Amino acid sequence: MTMRRINVAILVLLLVAFLIILQRNLLNLNDFLRHEGPETAPGALLPFEPDFAAKHKADVTRTGLEIPVVITAAEERLGAAVAAMNSVYRNSKSNIVFNIVTLNDSVDHLRAWMSKADLKGVKHKIITFEPKILEGKISNDPKKRDEVKPLTFARYYMPMFLPSVEKAIYLDDDVIVQGDIQELFDTNLKAGHAAAFSDDCDSASSKGIVRGAGNQNNYIGFLDFKKEAIKKLGMRAATCSFNPGVIVANLTEWKTQNITTQLEQWMERNVKEDLYSKTLAESVTTPPLLIVFYKRYSSIDPLWHVRHLGSTGAANRYSVQFLNAAKLLHWNGHYKPWGRLSSFSDVWDKWYIPDPLDKFHPIRRHSEDK
C-alpha cells in the first residue's frame, strides 16, 4: 500500500510539472503573438513577411543564438537602412534578426524592398512607430521641425519593441558594418550598466574634428550648464560625451532601471525649461541619454564605431588603410554617403540595393554632367 501511494505521488508531481511547463510555453507564445496598440506602446509589431526565410535559404549557414538588431527606416532614408542591413548580413554568419522600426506610411515601400532577391533570406520584423507617444516630449516649434524626427527617438523604446529580449544592438541607418556583428554583440557590459556606447574623446574618431555645431565631444556641447536643473545634477561640463548611433543594450537592466521613463522625463523637462545647449544641431536625442547614463555605461571597441565620416574634412582625416580595418563606419554629420558631397561614398555604394519602386536615388557628382 505504501509503495502504491508513493507511485501515485510521483505521478501527481510529474503531471504538475508538465502543466507548469505547458503554461509557460503558452504564455511565451501569447506574448510573441500579441500586438501592442498605440495606447500601451510606441509601436506595433507586424507579421513576418510571407516568404520569411522558410522558402529562401540564406547563402551561408546561419549559426548561434539570435542577435536582435534594431534599426529605423524613415521613408526618405529607406535606402540607407537597406544598405546598413545588407552590410551587417553579408559580413556575418550569425543568426541575425533585424527589427526595423518605421512609420505606417512606409510599410509597403519597405516590404517591397525587403522582398528583393538580395534580401529574401534576411530575417526581419517590421515595427510601426507611433509618434503620438512623443506628444509633450518634443518641441512644437515649426522652426525645429526638421531637427526633430520621430524615428530618432525609437532607440529609447527598445525594451517595448523587444519585450522578451535580454540583449540587443541599435544601429543608426547611416552606418556600414564591415566586421562580424557577433563581435559587437559580445561587447561586455559591466554589472549594473544598461548600455555600451562609444566615447567621443580619446579615439581615432575624435582626432582632427572641426569643432562646431553638431561636432560636440563633451557634455557642455549638449547641455546648458547655466540652467538650475542641470547644475543640480552635479555633472562635470568637460566630461566626454558619447555617441548613441551605435548601442549595445542590456534590455533587462534597461527595464529594471526604468531608463525609458527617465529619458521621457528629461524630454518633458526640456520642453518646459529649454535645457539643451544653444549650439546643439541634429543631436536632440543625445542630451537625455547623456544625463541618464552619466558615468553609468560601458565602452564599445573604437573600431566598432568609427565616426564623423559625414563631417567636413573627413577625407583628410582617415586613410584608406584605417577605413579598411574599421569594423563599423558611421557617416554622422551633414554629408551622407548617398548624397553628392560625401566622403567615401564608394564604400557605401558596395552595399546599396536599388529601390524596386524607383523612389530613392543616391545623388552623385557625375549625375550633373549627364
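Residues numbered from 1 in each chain as written. Predicted model: local features only at pLDDT ≥ 70, side-chain atom pairs only at ≥ 80, totals over all residues. Heavy atoms only, no water.

**Structural notes on the overall build of the protein chain**
Scanning the protein chain from terminus to terminus reveals twelve helices and ten strands. Residue burial in the protein chain is summarised as follows: out of 370 residues, 49% are buried. In the protein chain, the proportion of contacts linking residues at least 24 apart, taken out of those at least 6 apart, comes to 77%. Carbon together with sulfur atoms contributes 54% to the accessible area of the protein chain, which is approximately 18900 Å² in total. (Helix = DSSP H or I, 4+ residues; strand = E, 2+ residues; numbered from the N terminus. Buried < 20%, exposed > 50% of the residue type's maximum accessible area, 1.4 Å probe, protein only. Contact = heavy atoms within 4.5 Å. Areas by Shrake-Rupley, 256 points an atom, 1.4 Å probe, with all protein chains shown as cover.)

**Considerations on the packing of aromatic side chains**
Going through the model one piece at a time under the given rule, you end up with 15 aromatic pairs. Relative to F360, the ring of Y352 has its centre 5.9 Å away and its plane inclined at 40°; by these criteria the two rings are tilted. An aromatic cluster of at least three residues, connected via ring pairs, comprises W113, W338, W348, Y352 and F360. Just above the ring of Y89 sits the side chain of R62; from NZ or CZ to the centre is 3.8 Å. Here the basic side chain of K167 rests over the ring of F185, its NZ or CZ set 5.2 Å away from the ring centre. (Phe/Tyr/Trp six-rings, centres within 6.5 Å; stacked < 30°, edge-to-face > 60°. Lys NZ or Arg CZ within 6 Å of the ring centre and 35° of its normal.)

**Some remarks on the pattern of salt bridges**
Counted according to the given criterion, the structure contains ten salt bridges. Among the salt bridges present, the one from D173 reaches R77, with a minimum N-O distance of 2.6 Å. Of the two residues, D173 is situated in the loop between β5 (167-171) and β6 (175-177) and R77 in the loop between β2 (63-72) and α2 (78-90); the sequence distance between them amounts to 96 residues. When the shortest N-O distance is used, the salt bridge between K278 and D224 registers 3.5 Å. Of this pair, K278 sits in the loop between α8 (259-273) and α9 (286-292) while D224 sits in the loop between β7 (195-199) and α6 (228-231), and the two are 54 residues apart along the sequence. Overlapping salt bridges bring together D224, K227, D274 and K278 as one network. (Salt bridge = Lys/Arg side-chain N within 4 Å of Asp/Glu carboxyl O.)

**Some points on unusual backbone geometry**
Phi angles above zero are rare outside glycine, and D274 is one such case at about 55°. Among the structural elements, D274 can be located in the loop between α8 and α9. Overall, the relative accessible area of 32% leaves D274 in the partly exposed class. Even without being a glycine, D358 presents a positive backbone phi close to 60°.

**Quick look at the confidence of the model for the protein chain**
Mean pLDDT over the protein chain stands at 85; residues scoring 70 or higher make up 77%. Confidence drops under pLDDT 50 across residues 24-40; counting only partners more than four residues distant or on other chains, this segment forms eleven contacts. Throughout residues 48-58 the model reports pLDDT below 50, and contacts reaching past four residues in sequence, or to other chains, amount to 16 contacts. (pLDDT = per-residue confidence, 0-100.)

**What to know about the packing of α2 against helix α3 (residues 107-114)**
It is the contact of α2 with α3, at a shortest axis distance of 11 Å, that shows an interaxial angle of 35°. When you trace α2 past α3, the crossing you get is right-handed. Contacts between α2 and α3 involve L78, G79, V82 and M85 from the former and H109, L110, W113 and M114 from the latter. Classifying every residue of the contact of α2 with α3 gives six nonpolar, two polar and no charged. (Axes fitted to C-alpha atoms, helices over the stretch in contact; angles between N-to-C directions. Left-handed = near helix turned anticlockwise from the far one by under 90°. Nonpolar A, V, L, I, M, F, W, Y, C, P; charged D, E, K, R; others polar.)

**Quick notes on the pairing of strand β8 (residues 242-250)**
The buried count for β8 comes to nine of nine residues, which makes it a mostly enclosed element. Pairing of β5 with β8, which is carried by five bridges, proceeds in the antiparallel orientation. Bridge assignment links K167 to a residue of β8, and that residue is N250. The sheet contact formed by β7 and β8 spans four bridges and is antiparallel. Residue pairing in the sheet places S198 in a bridge with N243 of β8. (Pairing = 2+ DSSP bridges.)

**Quick notes on α8**
In a regular helix each residue adds 1.5 Å, so 15 residues correspond to 21 Å; α8 covers 21 Å between its end C-alpha atoms and thus fits that length. Those residues of α8 that sit buried are I259, T260, L263, E264, W266, M267 and N270. Viewed along the axis of α8, the buried residues span an arc of 160°, placing them on a single side of the element. (Expected span 1.5 Å × (residues − 1). Arc of directions from axis to C-beta.)

**A word on the environment of D186**
For D186, the position within the fold is in the loop between α5 (181-185) and β7. Sequence separation of D186 and V248 is 62 residues, and the distance between their C-alpha atoms is 8.9 Å.

**Points about the nonpolar core**
Ranked by size, the top nonpolar core spans 53 residues in total, and within it F98, L171 and I181 carry the most contacts. Ranked by the residues each element gives to this core, the list is headed by α2, at nine residues. Discounting residues that sit within four places of it in the chain, I181 has contacts with I67, V88, S92, I96, I169 and W304. Grouped together as the second largest cluster of nonpolar side chains are 49 residues, L151, L251, L280 and V284 included. (Core = buried A, V, L, I, M, F, W, Y, C linked by side-chain atoms within 4.5 Å.)

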